[in-house]
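Chain and residue survey
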Amino acid sequence: MTELSRRNFIKSSTAFAGFAVVVSNTPALLAAEQSSHSGIGTCMRFGEDGLPVLCVPTPDMGQGMMTTAAQIIAEELDLDLSAVSVEFLPFVGVINDDGIAQDGELVQGAGGSHSTMDLWPALRKTSAYVRALFIEAASQKWGVPATRLSTAGGFVIDQKANEKISFGELAELAQTVTVDKKAAQPKSISSFRVVGKDAKNVAARDIVTGKPVFASDVSVPGMLHAAIRRCPHLNGTIVSYDSTKIEMMPGVRAVVKMDQFLEDDQTFRVIADGVAVVADTYWQARQAADALEIKWNGDISKDDSTDLILKKCNALLKDGEFKQVQKRGDIETAFKAASQTIDVTYTHPSWAHACIEPHNCIADVKTDSAEIWVGHQTMAAPANIAKKFAGIDAAKVTGHFYRMGTGFGRKYVQDFVAEAVVLSKRMKAPVKVTWSREDEMEQDYPNHMGAYRVRAAIDSKGDLSGWHIKTALDTGRDWVARDFPAHTLENTLGEFAKVPNHISHGAWRGPSHNSGAWVVQSALNEAAHAAGRDPLEFLVALYNKTGTVKAPNWPNMDIDFRRHAALLEKVATEAGYGKKMPTGWGQGIAVHYTFVSACAHVVDLEMIGDNNYRVHKVTSAIDCGLAVNPLGVRAQVESGIMDGLCTAKYGNFVFENGVPTTNNFDSYLKMRIDEAPAVVDIHIMDFGDTDPRGTGEISLPPLIPALTNAIFAASGKRVRKLPISENL
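Here goes a summary of the coordinates provided. (Residues numbered from 1 in each chain as written. Predicted model: local features only at pLDDT ≥ 70, side-chain atom pairs only at ≥ 80, totals over all residues. Heavy atoms only, no water.)

Here we look at the packing of aromatic side chains
Evaluated as defined, the whole model comprises 11 aromatic pairs. Judged by centre distance (5.4 Å) and plane angle (75 degrees), the ring pair of Y346 and W518 falls under edge-to-face. Of this pair, Y346 sits in strand 19 (residues 340-348) while W518 sits in helix 13 (residues 513-530), and the two are 172 residues apart along the sequence. On the accessibility criterion, Y346 (1% relative accessible area) is buried. Here R455 stacks its cationic end above the ring of F335, 4.0 Å away from the centre of that ring. (Phe/Tyr/Trp six-rings, centres within 6.5 Å; stacked < 30°, edge-to-face > 60°. Helix = DSSP H or I, 4+ residues; strand = E, 2+ residues; numbered from the N terminus. Buried < 20%, exposed > 50% of the residue type's maximum accessible area, 1.4 Å probe, protein only. Lys NZ or Arg CZ within 6 Å of the ring centre and 35° of its normal.)

The structure is reproduced here in structure tokens:
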């Protein structure tokens, strides 16, 4: 990677802002009438009404970053969230020497549960600098030392003189003063008034009242609409199509062949082979596209069927060749000396992202500039996509960013933006590409599928003494074969094999952990029962003796597994784990870390007949470091719980001869509201951290094994194959 140049890719907030969410109808902060400037520092500006606007640098796909980031800014500026507006900050990174847009001091991407961790230090420093500008402006206006001034409630205060002046009155002067950025230190955590307190979603009112806050709501003058028929076969191509009649249909402006484009290092179908219909309205484009007669060639992926791939995975576990990815001690000696052993196999299919808001993007590509309206997980991406697909200098791309109706990793990639860019360049007009639900499912980059064989040895004391795991997947993710408890016991072996296929995989909420936690925590539960020990006691003992290790995932932070034991003990106490339950009822417990945060659950459920169940209660404890917004943390834990319950019971993204056949919610099933637990009890653990860790992907992975362990406790049936609805 080349060194970043000084060619800053910074746009003014007024020209580049996506939207403003007003969170108070009666703001308490009044700005001076004469103030008309657009911005102070990076994280704050004043609107046309003279009222303060906080500028949030990170995309929001439901994970709550718009609120969390606003809290961090408001804390450092001594503002009340009820007295400001909040909007997305435009991209404020840099262009490197290769002409690629990259994040600067502020990370402007969402993924891997990194948003809060990445923003925390930089956003606090940036906001503290803005506070220092206001103080310096007041110092110069009053002719008093800045050291005797403080801020509160949107005012700079001179307690000695009993005077105060609003930020708005200082706005113009604050743009002209200078302060030493290094000297502008963030507040001490002990003085926090906003961070660490529950804050309601700043966009909630606009969302529920139907204001156009999502990218799919956006229209621009002169906009055309595109619907695209993409090859349904994995990496398939067009043989032929006839557009003669289609071009004569009402509103149709053009029928455009969309060429397949594969990235150099991965087989992501950034643009699938297909045909686009561009028309005056989306309905005209969709009707015309659906009427197209297209002959496809899917020969390349004719063997890519879910059933066949899973059969190959299971066959590999029996006598296939594996790559050794982790080894400690002597595994066979451990098994020979064991008092008890288990040898179990787990299997799961692919899972689709199934984003509530299907992909969409508007692009307006001109000769030497471009403008893009989109909900995307990275703010640098649109500029780089325009550079790649239209040859536009990334510094001349203006992006307008909106909330995403979920993303889960799928809105991290390029295809839906690239399509809009390509079509706008071709049509010489702004073009909006809107995916249908079928498009969104058929062109998904799903979670992996595969099979796992776990052998565990238990010594004469009832402790885990050996761990041998073989992982056979349809992707190259070998994490579960390398990680806990494989990297902590004295005698372990982790092996991995990949089944060749043409499926393009992507990040899915809690990548690898989402299924790996189910395998590991299920096998540990089985080992505990084989040892004749209570699963809670077995897990607590195992985690307590593991100690602290460096996280194998990014960023490189320590993981103290003794915290896992504390999480287990907390949920057990709060759930009354081990209490006597009616016949057909059971409790399951599990804990897992995803990236550098951890969560534990106890699931209480009741069997309904032999093949169904009802979850009555989920008790949870999360370790996410400093909780900036506890309400937001609880919302994310609840979201992961519901997602995990839904995926475990119904998730089955099916391929048949290289074609995804579960392409809408009538075939890719989701949990209904009456299946949700009546009680969800969440506890945020405080271990004295002064920095936040991740939240968005943390609660889902351990939920699935807690659920299946509860089914075993209630029925005696082990769930070793997902989805549960098809295998109980």
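Some details on the packing of helix 14 (residues 535-544) against helix 15 (residues 561-575)
In contact at an axis separation of 7 Å, helix 14 and helix 15 are set at 155 degrees when each is read in the N-to-C sense. In terms of their interaxial angle, helix 14 and helix 15 are classed as roughly antiparallel. The two elements helix 14 and helix 15 cross, and the hand of that crossing is left-handed. Listed contacts from helix 15 to L536, L539, V540, Y543 and N544 of helix 14 are F561, R562, H564, A565, L568, E569 and A572. Across the contact of helix 14 with helix 15, the residue classes break down as eight nonpolar, two polar and two charged. (Axes fitted to C-alpha atoms, helices over the stretch in contact; angles between N-to-C directions. Parallel < 35°, antiparallel > 145°, perpendicular 65-115°, else oblique. Left-handed = near helix turned anticlockwise from the far one by under 90°. Contact = heavy atoms within 4.5 Å. Nonpolar A, V, L, I, M, F, W, Y, C, P; charged D, E, K, R; others polar.)

With respect to the environment of R193
With respect to the helices, strands and loops of the structure, R193 is situated in the loop between helix 4 (167-174) and helix 5 (204-208). Taking the relative accessible area as the measure of exposure, R193 reaches 53% and is therefore exposed. A C-alpha to C-alpha distance of 52 Å links R193 and D610, two positions 417 residues apart in sequence.

Let's talk about the packing of helix 13 against helix 14
Interaxial distance between helix 13 and helix 14 falls to 9 Å at its minimum, and their mutual angle equals 110 degrees. Taken together, helix 13 and helix 14 sit at an angle that is classed as roughly perpendicular. Taken as a pair, helix 13 and helix 14 cross one another with a handedness that is right-handed. Of the residues in helix 14, those touching helix 13 at Q521, L524, N525, A527, A528 and H529 are P535, F538, L539, L542 and Y543. Classifying every residue of the contact of helix 13 with helix 14 gives eight nonpolar, three polar and no charged.

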